[in-house]
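The residues making up each chain are set out below.
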Amino acid sequence: MASITDPVAAPPASTEGTGTASPPTSPPPARRRVAATRIAWTWVLLSSLGIAAFAVVPYLTASLRALAETPSGGLAGNYAEQPWPIQLAFYAHIVAGGFALVVGPLQFWKCLRTRHPRVHRWTGRSYLVAVGIAGVAGLVIAPVNDAGLVGLFGFGALGVLWLVTGWLGYRAIRRRDVASHRAWMMRNFALTYAAVALRIWLPLLIVAQLPFTTGEFDFDAVFANAYAAVPFLCWLPNLVVAEWLIARRGLPTFWRAAPTLG
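Every residue gets a number counted from 1 within its own chain, in the order that chain's sequence is written. In view of the model being predicted, local features appear only for residues whose pLDDT reaches at least 70, and side-chain atom pairs are presented and counted only at 80 or more, with totals across whole chains, interfaces and linings using the full set of residues. To get the side-chain values, take all heavy atoms of the structure and skip hydrogens and water.

Description of the packing of aromatic side chains
Working definition: a ring pair exists when centres of Phe, Tyr or Trp rings (six-membered ring for Trp) sit within 6.5 Å. Plane angles under 30 degrees give stacked, over 60 give edge-to-face, the rest tilted. Per the counting criterion, the structure on display carries 12 aromatic pairs. Centroid distance Phe189 to Tyr193: 6.1 Å. Interplanar angle 45°. Geometry classified as tilted. Here Phe189 and Tyr193 have matching classes, each one buried. Between Phe232 and Trp235, the ring centres sit 6.1 Å apart and the planes meet at 40°, which makes this aromatic pair tilted. A connected cluster of aromatic rings, assembled from ring pairs, spans Phe155, Phe217, Phe219, Phe223 and Tyr227. Geometrically, a charge over a ring is one whose NZ (Lys) or CZ (Arg) sits within 6 Å of the ring centre while staying within 35 degrees of the ring normal. Across the ring face of Trp122, the terminal group of Arg125 is positioned such that the distance to the ring centre comes to 4.6 Å. Directly above the aromatic system of Trp184 lies the positively charged group of Arg187, at a separation of 4.3 Å from the ring centroid. Burial here depends on accessible area, computed with a 1.4 Å probe over protein chains only, as a share of the maximum for the residue type. Under 20% is buried, over 50% is exposed, and the range in between is partly exposed.

Describing the confidence of the model for the protein chain
Interpretation of this model should avoid reading the predicted coordinates in detail wherever pLDDT is low. For every residue, the predictor assigns a confidence score, pLDDT, that lies between 0 and 100. The predicted model of the protein chain averages 86 in pLDDT, with 86% of residues at 70 or higher. Counting interchain partners and residues more than four positions distant, the pLDDT-below-50 stretch residues 1-19 has 5 contacts. Throughout, a residue-residue contact means that at least one pair of heavy atoms, one from each residue, lies within 4.5 Å.

Overview of the side chain of Thr192
Going along the chain from the N terminus, every DSSP run of H or I of four or more residues is numbered as a helix, and every run of E of two or more is numbered as a strand. Inspection of the secondary structure puts Thr192 in helix 8 (residues 178-192). On the basis of relative accessible area, Thr192 is assigned to the buried category, the value being 4%. Distance and chemistry together define a polar contact, namely a pair of N or O atoms within 3.5 Å, with one atom able to donate a hydrogen and the other to accept it when in protein, and with adjacent residues in sequence counting only for side-chain atoms on both sides. A polar atom in the side chain of Thr192 sits 2.7 Å from the side chain of Tyr127. Reaching out from Thr192, the side chain makes a polar contact with the side chain of Trp162 at a distance of 2.8 Å. With sequence-adjacent residues up to four places away left out, Thr192 is seen in contact with Ala100, Leu101, Tyr127, Val131 and Trp162.

Quick word on the pattern of salt bridges
Note on definitions: salt bridges are taken to be side-chain nitrogens of Lys or Arg within 4 Å of carboxyl oxygens of Asp or Glu. Taken as a whole and judged by the stated rule, the model has 2 salt bridges. A salt bridge links Arg187 to Glu243; its shortest N-O distance comes to 2.9 Å. Of this pair, Arg187 sits in helix 8 while Glu243 sits in helix 12 (residues 236-248); the two residues are 56 residues apart in sequence, bridging distant segments of the chain. Residue class for Arg187 comes out buried when judged on its relative accessible area of 3%.

A short note on the environment of Arg65
Looking at the element boundaries, Arg65 is found in helix 2 (residues 64-68). Residue classification places Arg65 among the exposed positions, given a relative accessible area of 51%. For the pair Arg65 and Ala80, spaced 15 residues apart in the sequence, the C-alpha separation amounts to 5.3 Å. Leave out the neighbours within four places in its chain, and Arg65 touches Ala80 and Glu81.

This is the structure:
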């Protein structure tokens, strides 16, 4: 006899002719989780594509000096007068990081992993190469960032963790440790997604300061205050969320996974 707690054990009794309608049934928890996962993945994909286009395309269509003279010049003003090695590292960071941002969400697409494993492997290798380039370039430009000493430590730590988690994810799959590989790549993409989080936090922090501004509104000062917080804020919450998702999926958590770099 079927249990009354089994959602698919037996259909509800017919109410035909009784004058009452069957109560609406809610979707099973597993179905709701699948729907929520798809919505979250779609958001991550679309936001990654949007920020990749927003952050990369301007630097491929105009020089740093030309962009620095526009109101929406972004970081161009900080790097327009830097030596050419710094500018080269800046472009490498922008382009490779943008590529990783575009390819990264596809690595978590189950259909791609199961039906096209070869494509998954090659895009994964391309993603890790892009992370390696962008991470090293990020460490080169960190000392001259706009946020000063906070940016040096915040963006510098981001670059180091980006490289380390990518390496550990690669080492795990080379050992055929798929569970650890998935966990480390989730952490790694959480760091890649810092490019999106930074551009979400910045306007929120700017708006949060408006009630406390007095006198004439100084956008440069407000922006500087907001930008001083994002070197850590753009990636620390991402890692917390990633670790929570890793634990929910039963993958090796950071505290239980104690891998070595050797």
